[in-house]
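Inside the fold
Each chain, written out:
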Amino acid sequence: RGSGQIIYFHDLAVPIDAAMSLKDKSAVTMQTCKAQGTSAPISSSKEEVQKAFPIKREEVLRWNGWGYRDSGFVLNDNGNIEFSGKGRYSLSGTELHKFKPFLEERFGFDTNLKTFSQPPPDLTALPRVITNHSYVEAVRPFCVKISDDGMDRIVHSHGHTCHELFALRTGKYGRLPDYVIWPGSHRDVEKIVLAAKERNVCVIPFGGGTNVSGALECPTEERRTIVSLDMTEMDKILWIDDDNLTVHVEAGIVGQDLERQLSEKGYCTGHEPDSQEFSTVGGWVATRSSGMKKNIYGNIEDLVVRIRMVTACGTVEKSFQGPRNSIGPDIHHFILGSEGTLGVITEVTMKIRPIPEMRKYGSVVFATFEDGVKFVREVAKQRCAPASIRLMDNDQFLLGQAMSPAASIWKSFTDKLKVIYLTRVRTYLLFSMCSC
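What counts, and where the lines are drawn
- Residues numbered from 1 in each chain as written.
- Predicted model: local features only at pLDDT ≥ 70, side-chain atom pairs only at ≥ 80, totals over all residues.
- Heavy atoms only, no water.
- Buried < 20%, exposed > 50% of the residue type's maximum accessible area, 1.4 Å probe, protein only.
- Helix = DSSP H or I, 4+ residues; strand = E, 2+ residues; numbered from the N terminus.
- Contact = heavy atoms within 4.5 Å.
- 1 Å grid on protein atoms, 1.4 Å probe; cavity = no way out; pocket = protein on both sides within 12 Å on 5 of 7 lines; lining within 4 Å.
- Points joined across faces, edges and corners; volume = space filled by probe spheres on them.
- Nonpolar A, V, L, I, M, F, W, Y, C, P; charged D, E, K, R; others polar.
- Pairing = 2+ DSSP bridges.
- Axes fitted to C-alpha atoms, helices over the stretch in contact; angles between N-to-C directions.
- Parallel < 35°, antiparallel > 145°, perpendicular 65-115°, else oblique.
- Left-handed = near helix turned anticlockwise from the far one by under 90°.
- Phe/Tyr/Trp six-rings, centres within 6.5 Å; stacked < 30°, edge-to-face > 60°.

Focus: helix α7 (residues 255-263)
- Turning to α7, its buried residues are G255, D257, L258, E259, Q261 and L262.
- Buried residues along α7 sit against β10 (237-241), β11 (246-250), β12 (267-268) and α8 (281-286).

Structure (structure tokens):
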């Protein structure tokens, strides 16, 4: 009890040390461990929540690539590269005049060499579903939706590593999950996982699908029924504690949705992994994610206060919600980075902060990459790093310049003055410069 760690076996709660030697669960005295009293949920119904993508995510997201279907680089009628997206991003609808020449000169880009990705497959030709009717009927009352649709199976069969996406774009499909299930609550997940244990079914937790470690791939040799447990219908902020600056959320909430809802209350998490637009809070915990502003806000392990996870043996969570506990091992260290191998993360309590009063961006140019490394090292040594700092090599530096949209006459003039100053006065070489 001193460590504040408790394992929940279905409706029974017992201290973790007693649970390890527990033989007769029916003899355990009932205990409860309720979250502290907090404000009402931000949203009272699913319909009120604006979502990053619907259940059928392939309607708005690429099924065989990254991002939204309407966003990407295209060659327009003028022969220039343009970024599409219907106003979704600042570059959307912008013609990038310098981008194509840069790619041609720097990387030998040739628009005449085209390799078209394969269209969605004939769903009747996909690997057959390994059925388990007993399991399906057992979990049906405890899910928002259950599907064996071919497209749902494909979308939930992969993450976003290069080899996974390349396989999809070339029409190669390996082992697919047999069913996709969307739970609606922590209690649903408990029932779904328990039924899987009793019927020898494999469960792979699935959040935003942005995983890059191969954790979402189905083992080709697996002959049991595989279920992809899509958590994105568990997408609510359950409460905000204004006094302690914490927020308790369902693990399926997508990063951009969380930040938007928090901003309405004047808060933010400050956690901004590159995948924030599509990844979920549960995914952040499961992959031990790092954010671009970790210098100020920390990584996910610095932000997590409490985790609730359903395992094959019951629910694991801490009953202690203080900022730090000095007694016993921290169960969070086992859960963080576990990639879904130990259980299904259902709820997370995180630290939040007031939205910063000001956001300011800037850049510094260096003659060489080595000079940039020395600068960043000195910043770290002096402990004066801003929220985010990133050193870009020469290729990235020139890429950024090439992707700049057409500027106004005045900005074009000032940009030319900067180039003259850097190359003639400071004698920097264009193909060795880098920036931070």
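What about the layout of surface pockets?
- In this model, the second largest pocket occupies a volume close to 790 Å³.
- The wall of the second largest pocket is formed by 19 residues, among which R62, F73, V74, T115 and R169 lie closest to the centre.
- The element best represented in the lining of the second largest pocket is strand β3 (residues 72-75), accounting for three residues.
- Tallied by class, the residues present in the lining of the second largest pocket amount to nine nonpolar, five polar and five charged.

As for the sheet that holds strand β9 (residues 226-230)
- The four strands are arranged β6-β7-β9-β8 in an open sheet whose pairing can be described as mixed. Since the sheet does not close on itself, it has two edges, and those belong to β6 (145-147) and β8 (202-206), each with one partner. In this sheet, adjacent strand axes meet at a mean angle of 20° when their direction is disregarded.
- Looking at chain direction, β6 and strand β7 (residues 179-182) are connected through three bridges and run antiparallel. Pairing of S147 across the sheet is with V180, part of β7.

Quick look at the packing of helix α2 (residues 99-107) against helix α13 (residues 394-402)
- Relative orientation of the contacting elements α2 and α13 amounts to 155°, with a least axis distance of 9 Å. Judged by the inter-axis angle, α2 sits roughly antiparallel to α13. Classified by chirality, the crossing of α13 by α2 is right-handed. Contact with α2, carried on its side by F99, F102, R106 and F107, involves N394, D395, L398, L399 and A402 of α13 and no other residues of that element.
- Residue classes in the contact of α2 with α13 are distributed as six nonpolar, one polar and two charged.

What about the packing of aromatic side chains?
- Scanning all chains against the criterion turns up eight aromatic pairs.
- Taking 6.0 Å as the distance between ring centres and 65° as the angle between the ring planes, the aromatic pair formed by F83 and Y89 counts as edge-to-face.
- Residue classification places F83 among the buried positions, given a relative accessible area of 12%.
- Exposure remark for Y89: the relative accessible area of 30% places this residue in the partly exposed category.
- Members of the aromatic cluster, connected to one another through ring pairs, are F73, F83, Y89 and F99.

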